[in-house]
Amino acid sequence: MKSENTKETEVPKKNRFRIADLRGFKQMWPYLRPHKFGFAFGIILISISSILTLFVTRLWGQLGGVGIMGGAKSNIETEFEGGVLGGLDLHNLESIGWTIAIVLVIQASLSFLRVYHFANMTEKMMLTMRRDTFEAVISMPMDFYHDRRVGDINSRISADITSIQDTFTITLAELIRQTIILLGGVAALSYFSVDLTLMMLGTLPVVILVAIVFGKFIKRRSKETQDEIASSNVIVQEVLTGIVNVKAFANEWYERNRYTGSIKTVRQLAMKGAMGRGAFASFIILFIFGAITLVIFKGAALMQSGDLASEHFFTFLLMTGLVAGSVGGLASLFGVVQKGLGAIDSLMELLKEKRELEGLEEEVSKYDLRKSIKFEKVKFFYNSRKDLTILHDLSLEIKAGEQVALVGPSGAGKSTVASLMLRFEQPVSGRITIDGEDVKSMELRGFRKRIAYVPQEVILFGDDIRGNIAYGKLDATDEEIKEAAKRAHALEFIDSFPEGFQTLVGERGIQLSGGQRQRIAIARAILRDPDILILDEATSALDSVSEKEVQAALEELMKDRSTLVIAHRLSTIKNADRILVLIDGEIVENGTHVALMKTEGAYFRHVKSQDFDLQ
Ligand code: ADP
């Protein structure tokens, strides 16, 4: 999955099918292997049931034939010698009926078993596959998420998995069934009459294939119409959303014309589609029904001349229908298989992609990071924009327990410094060390376990408040959670909710205010009790009460921790032990508020120009 593909959420379909593509299935081997005997058994079940289908068809034909002959033995020898099959008289309607009934019961049981068996296997396969995919998706380095939109990854994966699932639950079984019916059917037909079979094969499959191609063409037209309808709906939506603008600028006439233009196209496309559908209907009547008539005509002629037994003629008719069905079925199955192969390819590519984390089940290492942190000549650019160097040989130090405020204009690279600290990104050159040790050599999850990050925009999970705080330490006790909430100055508002810590928040629950969300995030960080704290201060203004509460909560959180705060509020900055001024990826000033104000440099100008929210 490269970025240019991300826009299409549909499973990519290969243009041309080649047998070699079937090798794509080989990639599925790790998932198939545990079920290889199961699949073999499934295939046996399908084969038996397909053969029984052919057999029942033959018996139906026999019914017809015997019915016409009034029980008399046909003048032509049939494959059931003397009309007897395993002691059953196949010239007797009742015995045929009973045989059919028995075969149908067997077939019904086999089908149930097969469907259940295949579902059982594929569901197990899908479980492993979904788990692996999810693990892959959350274990990727940050670049992966920058390049793609979340919705794309999500819908792409669910489309891929559904498509693979269809392939294994339905398509493979159908492919085998239809092939057996097709081959077995044609073999049986040739036994009855070679001439008739050749004639049937020369006409029916050909027109069926043409019909399928034709059908595809019509489908494409209808998709075009749907697309155009969608874009005309977009106009309606846009206009209604921006109705204030439309009215204020008195542009109703313009919008009406824009919409009319679009719906006129809809009509034109729909009419083209109707032409296609009309032609299709004529085609079916003329050619498919024509071909069938031809075959029946010839069969009837053969029967009349005594070259074809009546039960064979009936069987021929029924089996031709069966074979024709498989030709159509196989042709459309190819499309599904292609889609499945595309899905397998794209999912396997994802699973093979380089991750930042491997082996999620392993224990994490334990580190003590309450030590001096150093950026040593760190140079950095994002992989997606290699020409734009964000940090130029940046060096900085945060001593153990020190609170450092990073300030600077937007786009200076402050968040990038935080990303490097969290090891979301790696320096292009230079290194980041803790107590002299390059962080690169530390196990990633163990490292991150000692850090807490409070982002600018706090997004809460659709869980209750307790769950949201406990995210900082999954095995926390109720007391610990309550204590963290208290220290984060969140207890008061939590207690004011009737359901307290059990109050649902996020999308499915109540919406908390900005200040409340921040305090939940701070409680989460306090609960984690990290060595290093990275704080991206919110730029959005809070009301003054919330502001005070959040400030107090932050102070509680920062106590005795090495803290890097991307600061926007003067109060936070003033309280910091040291201020680093970052401009265009370089630290231009370094010192306390008082010292920097004295030098009257960039920081001084910033403060004077009220770049910070002066609260
Ligand atoms: P700040 O936090 O100081 O506002 P950032 O660190 O967010 O600055 O951004 C610094 C520069 O890096 C900006 O020019 C921004 O456009 C660029 N940038 C940020 N994130 C990415 C990314 N994922 N890919 C490419 N460029 C990025």
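Residues numbered from 1 in each chain as written. Predicted model: local features only at pLDDT ≥ 70, side-chain atom pairs only at ≥ 80, totals over all residues. Heavy atoms only, no water.

A. Representation of the overall build of the protein chain within the structure. A tally of helices and strands in the protein chain yields 19 helices and twelve strands. A compact globule built from 615 residues would reach a C-alpha radius of gyration of about 25 Å, whereas the protein chain, at 36 Å, exceeds it by more than 25%. For the protein chain, the spread of C-alpha atoms along the principal axes amounts to about 120 × 65 × 55 Å. Considering the protein chain as a whole, with its 615 residues, one finds that 45% of them fall into the buried category. Nonlocal contacts in the protein chain, meaning residues at least 24 apart in sequence, comprise 79% of its contacts between residues at least 6 apart. A distance of 4 Å separates the average location of the 73 positive side-chain charges in the protein chain from that of its 75 negative side-chain charges. (Helix = DSSP H or I, 4+ residues; strand = E, 2+ residues; numbered from the N terminus. Rg over C-alpha atoms; globule rule 2.2 N^0.38 Å. Buried < 20%, exposed > 50% of the residue type's maximum accessible area, 1.4 Å probe, protein only. Contact = heavy atoms within 4.5 Å. Lys, Arg positive; Asp, Glu negative; His and termini not counted. Charge placed at Lys NZ, Arg CZ, Asp CG, Glu CD.)

B. The arrangement of the packing of helix H3 (residues 93-138) against helix H5 (residues 150-192) in detail. Direction vectors running N to C along H3 and H5 enclose 155 degrees, while the axes themselves pass 11 Å from each other. Looking at the two axes, H3 sits roughly antiparallel to H5. With respect to the hand of their crossing, H3 and H5 are arranged in right-handed fashion. Here Arg114, Phe118, Ala119, Thr122, Glu123, Met125, Met126, Met129, Arg130, Thr133 and Val137 of H3 lie close against H5, whose contacting residues are Ile153, Ile157, Ile161, Ile164, Gln165, Phe168, Thr169, Ala173 and Arg177. (Axes fitted to C-alpha atoms, helices over the stretch in contact; angles between N-to-C directions. Parallel < 35°, antiparallel > 145°, perpendicular 65-115°, else oblique. Left-handed = near helix turned anticlockwise from the far one by under 90°.)

C. Here's a closer look at the environment of Ile390. In this fold, Ile390 is placed in the loop between strand S3 (373-380) and strand S4 (391-398). On the accessibility criterion, Ile390 (15% relative accessible area) is buried. Along the backbone, Ile390 and Lys379 are eleven residues apart, and their C-alpha atoms lie at a distance of 7.6 Å. In this structure, Ile390 is in contact with Phe380, Phe381, Tyr382, Ala412, Gly413, Thr416, Asp584 and Gly585, ignoring residues within four places of it in sequence.

D. Spatial organisation of the sheet that holds S3. In spatial order, the strands read S4-S3-S6-S7; together these four strands make up an open sheet with antiparallel pairing. Edge positions in the open sheet fall to S4 and strand S7 (437-438), since each of these has one partner strand only. Sheet contacts for helix H10 (residues 414-421): S3, S4 and strand S6 (429-434); angle to S3, the most-contacted strand, approximately 115 degrees. (Pairing = 2+ DSSP bridges.)

E. Quick look at the site of the ligand. As a structural note, the neighbourhood of the ligand is formed by 13 residues, with Gly411, Gly413, Lys414, Ser415 and Thr416 the closest of them. Contacts to the ligand include Gly413, whose backbone N or O atom sits 2.9 Å from an oxygen atom. In the complex, the protein chains occlude 72% of the 560 Å² of accessible area that the ligand would expose alone. Tallied by class, residues from the shell around the ligand come to four nonpolar, seven polar and two charged. (Near = heavy atom within 4 Å. Polar contact = N/O pair within 3.5 Å; in protein donor to acceptor, adjacent residues only side chain to side chain. Areas by Shrake-Rupley, 256 points an atom, 1.4 Å probe, with all protein chains shown as cover. Nonpolar A, V, L, I, M, F, W, Y, C, P; charged D, E, K, R; others polar.)

F. Spotlight on the pattern of salt bridges. The full count for this structure, using the stated rule, is 18 salt bridges. Residue Asp531 is joined to Arg370 by a salt bridge in which the shortest nitrogen-to-oxygen separation is 3.3 Å. Of this pair, Asp531 sits in the loop between helix H15 (514-528) and strand S9 (532-536) while Arg370 is found in the loop between helix H9 (310-352) and S3, placing the two residues 161 residues apart along the sequence. A salt bridge links Arg466 to Asp478; its shortest N-O distance comes to 2.7 Å. Within this pair, whereas Arg466 is found in helix H12 (residues 465-470), its partner Asp478 is found in helix H13 (residues 478-487), the two being separated by twelve residues in sequence. Because the salt bridges share partners, they merge into one network encompassing Glu238, Glu255 and Arg258. (Salt bridge = Lys/Arg side-chain N within 4 Å of Asp/Glu carboxyl O.)

G. Quick look at the packing of H15 against helix H16 (residues 544-558). Interaxial distance between H15 and H16 falls to 10 Å at its minimum, and their mutual angle equals 10 degrees. As summarised for this structure, H15 and H16 are arranged roughly parallel, according to the angle between their axes. Residues Gly515, Gln518, Arg519, Ile522, Ala525 and Ile526 of H15 form the contact with H16, whose own contacting residues are Ser546, Glu549, Val550, Ala553, Leu554, Glu556 and Leu557. Of the residues contributing to the contact of H15 with H16, the split by class is seven nonpolar, three polar and three charged.

H. Spatial organisation of H10. Among the eight residues in H10, seven count as buried, and that is most of the element. Among all positions in H10, only Lys414, Thr416, Val417, Ala418, Ser419, Leu420 and Met421 are buried. Positive backbone phi, at 60 degrees, marks Arg423, one or two positions downstream of H10.

I. Broad picture of the pairing of S9. The element S9 is largely enclosed, with a buried count of five among its five residues. The alternating pattern of S9 places Ile532, Ile534 and Asp536 on one face and Leu533 and Leu535 on the opposite face, and all of these are buried. Summarising the sheet, strand S8 (residues 451-454) and S9 pair through four bridges and their orientation is parallel. Bridge pairing in S9 links Ile451 to Ile532. The pairing of S9 with strand S10 (residues 562-566) spans five bridges and is parallel. Each bridged residue has a counterpart across the sheet, and for Asp536 the counterpart in S10 is Ile566.

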